[in-house]
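So the chains spell out like this:
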Amino acid sequence: MRSAAHVRGIIRKGGWTAHTSGLASEHVQGNVVILPAAEANDFLRYCHRNPKPCPLLTVSEPGQAQLPGLGTDIDICTDVPRYRVWEGGELVDMPTDISALWRKDLVTFVIGCSFSFEEALLQAGLPLRHIAQQRNVAMYRSNIATERAGIFHGPMVVSMRPFKSADAIRAIQITSRFPNVHGAPVHIGDPALIGIHDLGQPDYGDAVEVLPDEVPVFWACGVTPQAAVTQARPAFCITHAPGAMLITDLLNHQLASF
């Protein structure tokens, strides 16, 4: 099992630029949103009002590129495999290093990720098809509205994993122990009820098959802020690319509530 620091070192050198599902699987992974201080208070309130899709793991001081609460050597400018750069709500670039874009007014938010409860699901013997197929998890924009805070609002993004019915019940029990990484699902079953009409066409990530004896299970997803950014249209924002997460030194079991 490779350590989080080892994997971050590979990412920092540009040796890994894809999704991080299954990497350093014992360690907490995080979604990343970086905003100028002028918009940071609105976004902080947005997270507090929407803790299911936006469970905060840490918030930096303005201009602070290190995140000592999450890892001793983390540099937010280099340690995410792929970033997204937004201007006025439009995606303008997807670099692997944002050092040249760093500013003294930038505030980093790290939000819990459902990859962090996957270790517990696998340990319980529950299959995860996207990991077995070495794919990114499937993510969709739903019709579930988030609560607005200042300029930030928009639909909840959800991630989907298919399970047989008995396994779905067990998955609910297991993930409810991890509220800091989205907790229990927000929907089970018919995707049309939450505004998703084709599971084969995810908005982010990779599609996986749902077999006839399986049900799709949907969790709130930390890509939700990216949907909010397209609505709020801040002048400048940086996020992770969906599925390409920050891997921290925290261990998944440390986030279990019981």
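Here, the structure is the one placed above.
Cut-offs applied
Residues numbered from 1 in each chain as written. Predicted model: local features only at pLDDT ≥ 70, side-chain atom pairs only at ≥ 80, totals over all residues. Heavy atoms only, no water. Core = buried A, V, L, I, M, F, W, Y, C linked by side-chain atoms within 4.5 Å. Buried < 20%, exposed > 50% of the residue type's maximum accessible area, 1.4 Å probe, protein only. Helix = DSSP H or I, 4+ residues; strand = E, 2+ residues; numbered from the N terminus. Contact = heavy atoms within 4.5 Å. Pairing = 2+ DSSP bridges.

**Student:** Outline the nonpolar core, supporting the account with residue identities and numerical values.
**Tutor:** One finds Ile 34, Leu 67, Ile 76, Ile 98, Trp 102, Ile 238 and Leu 246 to be the most contacted residues of the largest nonpolar core, which totals 18 residues. Counting only elements with at least two residues in this core, the list comes to strand S1 (27-36), strand S3 (83-87) and strand S5 (106-112). Ignoring sequence-local partners within four residues, the contact set of Ile 98 consists of Ile 34, Ile 76, Cys 77, Tyr 83 and Ile 238. If you look at the next biggest cluster of nonpolar residues, it comprises 17 residues, including Leu 35, Phe 109, Ala 149 and Cys 237.

**Student:** Before we move on, could you go through the pairing of S5 and cite the residues and values that matter?
**Tutor:** Extensive coverage of S5 is indicated by the burial of seven of its seven residues. Here seven bridges tie S1 to S5, and the two strands are oriented antiparallel to one another. Bridge pairing links Gly 30 to Gly 112 in S5. Strand direction decides the pairing type here: strand S2 (residues 56-59) and S5, joined by three bridges, are antiparallel. In the strand pairing of S5, Thr 58 is matched with Val 110.

**Student:** Just give me the short version of the side chain of Glu 118, but keep the residues and values in it.
**Tutor:** Mapped onto the elements, Glu 118 comes out in helix H3 (residues 115-123). Its relative accessible area of 2% is what places Glu 118 among the buried residues. Here Glu 118 is in contact with Ser 21, Leu 128, His 130, Ile 131 and Arg 161, once residues within four sequence places are set aside.

These values are about where atoms sit, not about what they do.
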